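Residue-level listing of the chains:
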Amino acid sequence: MSDSTAHPRNDAENRDATDPLASLRTQFVIPDEKLIYLDGNSLGRLPKASLDRVQEVVAGEWGDRLIRSWNERWQTLPQTVGDFLGQHFLGAAAGQVVVSDSTSVNLYKLASAALDARPDRTVIVSDLNNFPTDRYVLEGLAAARGLELKLVEFDELLGPTADQLRPVLDDRTALVSLSQVDYRSSALADLASVNQVVHDAGALALWDLCHSAGSVPIELDATGTDFAVGCTYKYLNGGPGSPAFLYANASLIDAVRQPIWGWYGQRDQFAMGQGYDPVASASRFLVGTPQVVGVSLVDSGARVLAEAGIKPLRDKGVALTEFAIELFDAWLAPIGFSLGSPRDAAVRGSHISVRHPEAYRICRALIEQHDVIPDFREPDRVRLGMAPSTTRFVDVWDAFDAMRRIVETKAYEQIDPTRTEVT
Ligand SMILES: *Cc1c(COP(=O)(O)O)cnc(C)c1O
């Protein structure tokens, strides 16, 4: 058995006792204190403020105010909540971010707009191991337009870097679409240097921020980012299927058009006039009537985090993943695990992956035998999301202690190796 005396549990308790964000957890609904939830990077926890907000929106704004609420509150929600995200999490000045649709749909709209802006170019570049929906959307666009989709295999622990991209890009490249944080390894890409090589080639950059927004400070304006999309139901705690955000750099907005010409992108929408004439802000990427309940919960969720501040959240995310790697080295490395994430916190997001040939059954054993919820990612990763808003150091300690015991006692052998649908 590996030795826990060098890392006693009260070491984790002490870290919680001095954690400046410890009280943030009390602002979330946590019905089961024994459940160790390490999947806040996939579905963030429910903020108490969102329970109040849903009551307010559904009973008050809908039930009582009815259609009057469009003018009183709803009509500008995609922009006001977008600007709020821009200010607190994305480093984006007003008018460039809106909340609407899903990440996949927003990716399609922005990628189309970017390709239309580079009509003489024929190549889209992405990451061979990018999140699947990103690859499929780009594959569909390439097929529809007769373009080539070039999928580059980047070093998993480095993520996409300027040096790896430079030789791939040339004057045929129209668009480079990448994720800022790798959903498997957690590798954190450097927006500024990648944007620079993309621009040097005359192409446009479109970033997927799903696994970074709300856990890593992002500076879209300062890094010269062209376009970005991201989920709000992960670290931003917007709730299951909450609408996504999109960002379009102000310098490009006038020159680009999205493929779905809906009335919510129209200048002077309620003139109901002839001919599509899109507004001069990111609102031109809106299509139809906003999902009011969903956007309202994005707002209430984001406000809880904004109050804590993205910098303290990032500091805690780093401290949690550093602690996890310390325990990994002490307990898991000696018993057949390998680390699937960068060791340098500066280039790592807020989750880590540990790899083991029996990862699937270890993951199930964590859930079924230990009340620990991580997730499994093919082929051999246990992914542990440490949402800085609600994860405690003792949660990390307990989860790693459970993994170590599952492997040492071979408890995973009791688990059926058949895959379930959502892991
Ligand atoms: C979660 C995630 C998505 C999900 O997109 P949806 O349209 O919300 O289903 C897309 N990209 C990345 C990188 C993700 O992590």
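Residues numbered from 1 in each chain as written. Predicted model: local features only at pLDDT ≥ 70, side-chain atom pairs only at ≥ 80, totals over all residues. Heavy atoms only, no water.

- If you check an unreviewed UniProt entry, the protein chain appears there as Kynureninase from Catenulispora pinistramenti.
- We quote the UniProt Sequence similarities (unreviewed entry) comment for the protein chain here in full: "Belongs to the kynureninase family."
- Per UniProt, the comment on the protein chain under Subunit (unreviewed entry) is "Homodimer." (UniProt positions renumbered as here; feature names shortened; annotations may be inferred.)

### Focus: helix H8 (residues 191-200)
Consideration 1: Those residues of H8 that sit buried are Leu 191, Val 194, Asn 195, Val 197 and Val 198. Summarising the axial view, the buried residues of H8 lie within an arc of 165°, below the 170-degree limit, and thus occupy one face.
Consideration 2: Next to the buried residues of H8 lie helix H7 (162-165), strand E5 (173-179) and strand E6 (204-208).
Consideration 3: One or two steps after H8, the chain reaches Gly 202, where phi turns positive at roughly 80°. (Buried < 20%, exposed > 50% of the residue type's maximum accessible area, 1.4 Å probe, protein only. Helix = DSSP H or I, 4+ residues; strand = E, 2+ residues; numbered from the N terminus. Arc of directions from axis to C-beta. Contact = heavy atoms within 4.5 Å.)

### Some words on the sheet that holds strand E7 (residues 227-230)
Consideration 1: Spatially, seven strands are ordered E2-E8-E7-E6-E5-E3-E4 in an open sheet, and the strand pairing comes out mixed. Across the chains shown, the open sheet's two edge strands, defined by having one partner strand only, are strand E2 (97-100) and strand E4 (148-152). Strand-to-strand, the axes of this sheet are offset by a mean angle of 20°, without reference to chain direction.
Consideration 2: Note that strand E3 (residues 123-127) and E4 share five bridges and pair parallel. Residue Asp 127 lies in a different strand from E4, and its bridge partner there is Val 152.
Consideration 3: In the packing of helix H5 (residues 103-116) onto the sheet, the strands contacted are E2, E3, E5, E6, E7 and strand E8 (244-248), and the crossing angle to E7 comes to about 170°.
Consideration 4: Against the sheet, H8 makes contact with E5 and E6, and its axis sits at roughly 150° relative to E6, the strand it touches most. (Pairing = 2+ DSSP bridges. Axes fitted to C-alpha atoms, helices over the stretch in contact; angles between N-to-C directions.)

### Describing the sheet that holds strand E13 (residues 381-385)
Adjacent strands of a sheet form backbone hydrogen bonds with each other and so pair up, either parallel or antiparallel.
Consideration 1: Here four strands make up an open sheet; going across it, the order is E9-E10-E13-E12 and the pairing antiparallel. Each end of this open sheet is capped by a strand with a single partner; those strands are strand E9 (338-339) and strand E12 (375-377).
Consideration 2: One ladder, built from three bridges, connects E12 with E13; its direction is antiparallel. Counterpart to Arg 377 in the pairing with E13 is Arg 381.
Consideration 3: Against the sheet, helix H11 (residues 310-332) touches E9 and strand E10 (351-355), its axis set at about 15° to E10.
Consideration 4: Helix-sheet contacts for helix H12 (residues 359-370) involve E12 and E13, and the interaxial angle to E13 is about 40°.

### Examining the site of the ligand
Consideration 1: Among the 13 residues in the neighbourhood of the ligand, the closest are listed as Ser 104, Asp 208, His 211, Tyr 233 and Lys 234.
Consideration 2: Between an oxygen atom of the ligand and a side-chain N or O atom of Ser 104, the distance comes to 2.6 Å.
Consideration 3: Lys 234 is positioned with one of its side-chain polar atoms (N or O) 2.5 Å from an oxygen atom of the ligand.
Consideration 4: Protein coverage of the free-state accessible area of the ligand, which is 390 Å², stands at 86%.
Consideration 5: Put simply, the parts of the chain that give the shell around the ligand at least two residues each are H5 and helix H6 (132-145).
Consideration 6: By residue class, the composition of the shell around the ligand is four nonpolar, six polar and three charged. (Near = heavy atom within 4 Å. Polar contact = N/O pair within 3.5 Å; in protein donor to acceptor, adjacent residues only side chain to side chain. Areas by Shrake-Rupley, 256 points an atom, 1.4 Å probe, with all protein chains shown as cover. Nonpolar A, V, L, I, M, F, W, Y, C, P; charged D, E, K, R; others polar.)

### Brief notes about a nonpolar patch on the surface
Consideration 1: Among the surface-exposed residues, Val 58, Trp 62, Leu 66, Ile 67 and Val 293 lie close enough to one another that they form a single nonpolar patch of about 490 Å² accessible area.
Consideration 2: Inspection of the secondary structure assignment puts Leu 66 in the loop between helix H2 (48-64) and helix H3 (68-74). (Patch = residues over 30% accessible without salt bridge, like charges linked within 9 Å, V, L, I, M, F, W, Y side chains within 5 Å. Salt bridge = Lys/Arg side-chain N within 4 Å of Asp/Glu carboxyl O.)

### Some points on the side chain of Thr 391
Consideration 1: Counting through the fold element by element, Thr 391 comes out in the loop between E13 and helix H13 (393-408).
Consideration 2: Note on Thr 391: relative accessible area 1%, which makes it buried.
Consideration 3: Within the structure, the side chain of Thr 391 is placed 2.9 Å from the backbone oxygen of Ala 387, a separation counted as a polar contact.
Consideration 4: Excluding residues that lie within four positions of it along the chain, Thr 391 makes contacts with Tyr 37, Leu 38, Lys 316, Leu 320, Gly 385, Met 386 and Val 396.

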